[in-house]
Amino acid sequence: MSKMRGMRWWMVGLVTLGLIVNYLARNTLSVAAPTMMAELHIDTKQYSYIVVAWQVCYAVMQPVAGFVLDAIGTKIGFAVFAFAWSLACACAALASGWQSMAFFRGLLGLTEAAGIPAGVKATTEWFPAKERSVAIGWFNIGSSIGALCAPPLVVWAILHAGWKSAFVIVGGLGIAWTLLWVVFYKHPRDQKLLSDAERDHILSGQEAKHQDSAARASWREIVRNRNFWSIAIPRFLSEPAWQTFNAWIPLYMATERHMDLKEIAVFAWLPFLAADIGCVLGGYLSPFVHRHFNVSLFASRKWVVAFGALCMIAPGCIGLVASPYTAIFLLCIGGFAHQTLSGALYAITSDVFGKNEVATATGLAGMSGYLGATLFTLVFGVVVTHVGYSPLFVVLAVFDVLAAVVVWTLVRDGGPRTPRKTDAPAVAGIR
């Protein structure tokens, strides 16, 4: 059988496509909301309950999803969750009021929670340490592309067949991707199209804790490790920025910068395009710093976190500018900054946790991040009417700087490893 060159990049491309579908499903609601709310007689307060149902379920389920992925494997685990979130998305078309919609969105949150942990686990399996931040940057771009694709797709569906069809179409796309995943994704040990040279390249650059023989730490062992908190606390502090960008930029442009609907349509997607650039360039920044500034690969991840946090100062200055176009530019820097920082945090997670626990650790840290985002969203919705947007963007910038300080202070190279009787050296192939 002929071998394919760069098989690991085809695998990360498949993961990226899965993240695009994942984020399409979660962003369908916000685009369909005006039409859906009018038809189902849902007011703003009830809509907020629907949003919170997704956020809380997503946050709580992330560590569970990570544990399941570590227990049954990336291929089967991701397929099960993807099929389930596709059904949950499609079932939203059956909603008849805010309670039923909140139920279906809660199911979506429970099932979508596996997306990021599965992506990190897959890149841990398929990439050597020096390329891992690049691979994570590429799959993380799926989150922004999904947010970019949702408005035109959902609006097209609404204009042609109503808001319910949008949920069914996106659910169908998820099922189609699940079939692709089941057919094409294989662990490196089982992928017959992987050349021996590429398999050796992957293996030679992986740490011992990413070999199949490595033991899997329990939740308790993970949360008692300082490296977990060096990731979970920064996620708690930094995730509110990304969720604020997703939920509030259009409203900010309309109420604070007095843009009409046409201007919002023209400019609101730009911060997410900048976020895509941050995903990719942020991934390449770590090996660049490693090569050119004489620091270890692990230390280069911390430098990227610091760079992203400093760039977040830009949207913190948004209250100082009068031009709405300058404000959009500062928000673009913020989108770039957050995804740069976020990708580096995922790379650090894959560095310090073993192959059989990295998804669990990512899920636990993700829960921390989304709990922080939920709390900030609740505060944001109340406080913004009293103090305006500008002070809250300053708070977001401060949070990201504090996140970088925590990373630099707490994180240490190496992860939790369950003691075992023997610690066998790496073998010449991947099992």
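Residues numbered from 1 in each chain as written. Predicted model: local features only at pLDDT ≥ 70, side-chain atom pairs only at ≥ 80, totals over all residues. Heavy atoms only, no water.

The name that an unreviewed UniProt entry assigns to the protein chain is MFS transporter, with the source organism given as Massilia orientalis.

A. Up close: unusual backbone geometry. Phi angles above zero are rare outside glycine, and His 41 is one such case at about 60°. Inspection of the secondary structure puts His 41 in the loop between helix H1 (7-40) and helix H2 (44-72). (Helix = DSSP H or I, 4+ residues; strand = E, 2+ residues; numbered from the N terminus.)

B. The arrangement of helix H4 (residues 98-112) in detail. With 15 residues, H4 extends 20 Å between its outermost C-alpha atoms, agreeing within 8% with the 21 Å of an ideal straight helix rising 1.5 Å per residue. For H4, every residue scored as buried is listed here: Met 101, Ala 102, Phe 104, Arg 105, Gly 106, Leu 108, Gly 109, Thr 111 and Glu 112. (Expected span 1.5 Å × (residues − 1). Buried < 20%, exposed > 50% of the residue type's maximum accessible area, 1.4 Å probe, protein only.)

C. Representation of a nonpolar patch on the surface in the model. Side chains of Leu 17, Leu 180, Val 182, Val 183 and Phe 184 sit close together on the surface and give an oily, nonpolar patch of about 420 Å² of accessible area. For Leu 17, a relative accessible area of 37% corresponds to the partly exposed category. (Patch = residues over 30% accessible without salt bridge, like charges linked within 9 Å, V, L, I, M, F, W, Y side chains within 5 Å. Areas by Shrake-Rupley, 256 points an atom, 1.4 Å probe, with all protein chains shown as cover. Salt bridge = Lys/Arg side-chain N within 4 Å of Asp/Glu carboxyl O.)

D. Region of interest: the pattern of salt bridges. Within the structure shown, the criterion is met by six salt bridges. Salt-bridge contacts for Arg 26 lead to Glu 112; the nearest nitrogen and oxygen are separated by 3.7 Å. In this pair, Arg 26 sits in helix H1 while Glu 112 sits in helix H4, placing the two residues 86 residues apart along the sequence. Of the two residues, Arg 26 and Glu 112, both sit in the buried class. Between Glu 239 and Arg 235 there is a salt bridge; the shortest N-O distance is 3.5 Å. In this pair, Glu 239 and Arg 235 both sit in helix H10 (residues 226-255), four residues apart, roughly one turn of the helix. By sharing partners, the salt bridges in this structure join Arg 8, Glu 131 and Glu 198 into a single network.

E. The arrangement of the packing of helix H3 (residues 74-91) against H4 in detail. Interhelical geometry of H3 versus H4 gives an angle of 165° and a closest axis separation of 8 Å. Judged by the angle between their axes, H3 and H4 are roughly antiparallel. Two packed elements cross with a definite hand, and for H3 against H4 that hand is left-handed. Each of Phe 81, Ala 84, Trp 85, Ala 88, Cys 89 and Cys 91 in H3 lies in contact with H4, whose residues at this interface are Phe 104, Leu 107, Leu 108, Leu 110, Thr 111 and Glu 112. The class makeup of the residues in the contact of H3 with H4 is 10 nonpolar, one polar and one charged. (Axes fitted to C-alpha atoms, helices over the stretch in contact; angles between N-to-C directions. Parallel < 35°, antiparallel > 145°, perpendicular 65-115°, else oblique. Left-handed = near helix turned anticlockwise from the far one by under 90°. Contact = heavy atoms within 4.5 Å. Nonpolar A, V, L, I, M, F, W, Y, C, P; charged D, E, K, R; others polar.)

F. Quick peek at empty space enclosed by the protein. Under the defined criterion, the tally for this structure stands at two cavities of 30 Å³ or more. Volume-wise, the largest cavity comes out at about 120 Å³. Every residue lining the largest cavity is counted, 16 residues in all, and those nearest its centre are Tyr 23, Ile 116, Arg 235, Glu 239 and Tyr 346. The set of elements that each furnish at least two residues to the lining of the largest cavity consists of H2, helix H6 (129-161), H10, helix H15 (324-352) and helix H16 (358-387). A per-element tally of the lining of the largest cavity places H15 first, with four residues. (1 Å grid on protein atoms, 1.4 Å probe; cavity = no way out; pocket = protein on both sides within 12 Å on 5 of 7 lines; lining within 4 Å. Points joined across faces, edges and corners; volume = space filled by probe spheres on them.)

G. Region of the structure containing the state of the cysteines. Considering all chains together, one arrives at zero disulfides under this definition. No disulfide involves Cys 89; its sulfur sits 9.3 Å from that of Cys 91, the nearest cysteine. (Disulfide = S-S within 2.5 Å.)

H. Structural context of the packing of H6 against H15. Running from N to C, H6 and H15 point in directions that differ by 130°, and their axes come no closer than 9 Å. Accordingly, the angle class assigned to the pair H6 and H15 is oblique. Like other packed secondary-structure pairs, H6 and H15 cross with a definite hand, here right-handed. Side by side, H6 and H15 meet where Arg 132, Ser 133, Ile 136, Asn 140, Ser 143 and Ser 144 of the first sit next to Gln 339, Ser 342, Gly 343, Tyr 346, Ala 347, Ser 350 and Asp 351 of the second.

I. Broad picture of the packing of aromatic side chains. Applying the stated criterion to the full structure yields 18 aromatic pairs. Taken together, a centroid distance of 5.9 Å and an interplanar angle of 70° make the contact between Trp 54 and Tyr 370 edge-to-face. Here Trp 54, found in helix H2, pairs with Tyr 370, found in helix H16; they are 316 residues apart in sequence, far enough to count as distant. Of the two residues, Trp 54 and Tyr 370, neither departs from the other in class, the shared state being buried. Considering the side-chain rings of Trp 303 and Trp 408, the 5.0 Å spacing of their centres and the 85° angle between planes classify their relative orientation as edge-to-face. Highlighted residues: Trp 303 in helix H13 (residues 297-311) and Trp 408 in helix H17 (residues 390-410), separated in sequence by 105 residues. (Phe/Tyr/Trp six-rings, centres within 6.5 Å; stacked < 30°, edge-to-face > 60°.)

J. Up close: the environment of Gln 191. Relative to the helices and strands, Gln 191 resides in the loop between helix H7 (163-184) and helix H8 (196-204). Note on Gln 191: relative accessible area 5%, which makes it buried. It is 9.0 Å that separates the C-alpha atoms of Gln 191 and Met 7, two residues lying 184 residues apart in sequence. Look past the residues within four positions of Gln 191 in its chain and what remains in contact with it is Met 7, Met 11, Trp 126, Phe 184, Lys 186 and Arg 199.

K. Layout of the confidence of the model for the protein chain. Mean pLDDT over the protein chain stands at 82; residues scoring 70 or higher make up 90%. The secondary-structure element of the protein chain with the lowest mean pLDDT is helix H11 (residues 261-267), recorded at 70, while helix H14 (residues 313-316) shows the highest, at 93. Across residues 415-431, confidence stays below pLDDT 50; counting only partners more than four residues off in sequence or on other chains, it has 32 contacts. (pLDDT = per-residue confidence, 0-100.)

L. Spatial organisation of the side chain of Arg 257. With respect to the helices, strands and loops of the structure, Arg 257 is situated in the loop between H10 and H11. Glu 256 provides the closest opposite charge to the buried, salt-bridge-free Arg 257, at an N-O distance of 6.4 Å. Among the polar contacts listed, one links the side chain of Arg 257 to the backbone oxygen of Ile 318, at a separation of 3.0 Å. A distance of 3.1 Å separates a polar atom in the side chain of Arg 257 from the backbone oxygen of Ala 322. Not counting chain neighbours up to four residues away, the residues in contact with Arg 257 comprise Tyr 252, Ile 318, Val 321, Ala 322, Ser 323, Pro 324 and Ala 327. (Lys, Arg positive; Asp, Glu negative; His and termini not counted. Polar contact = N/O pair within 3.5 Å; in protein donor to acceptor, adjacent residues only side chain to side chain.)

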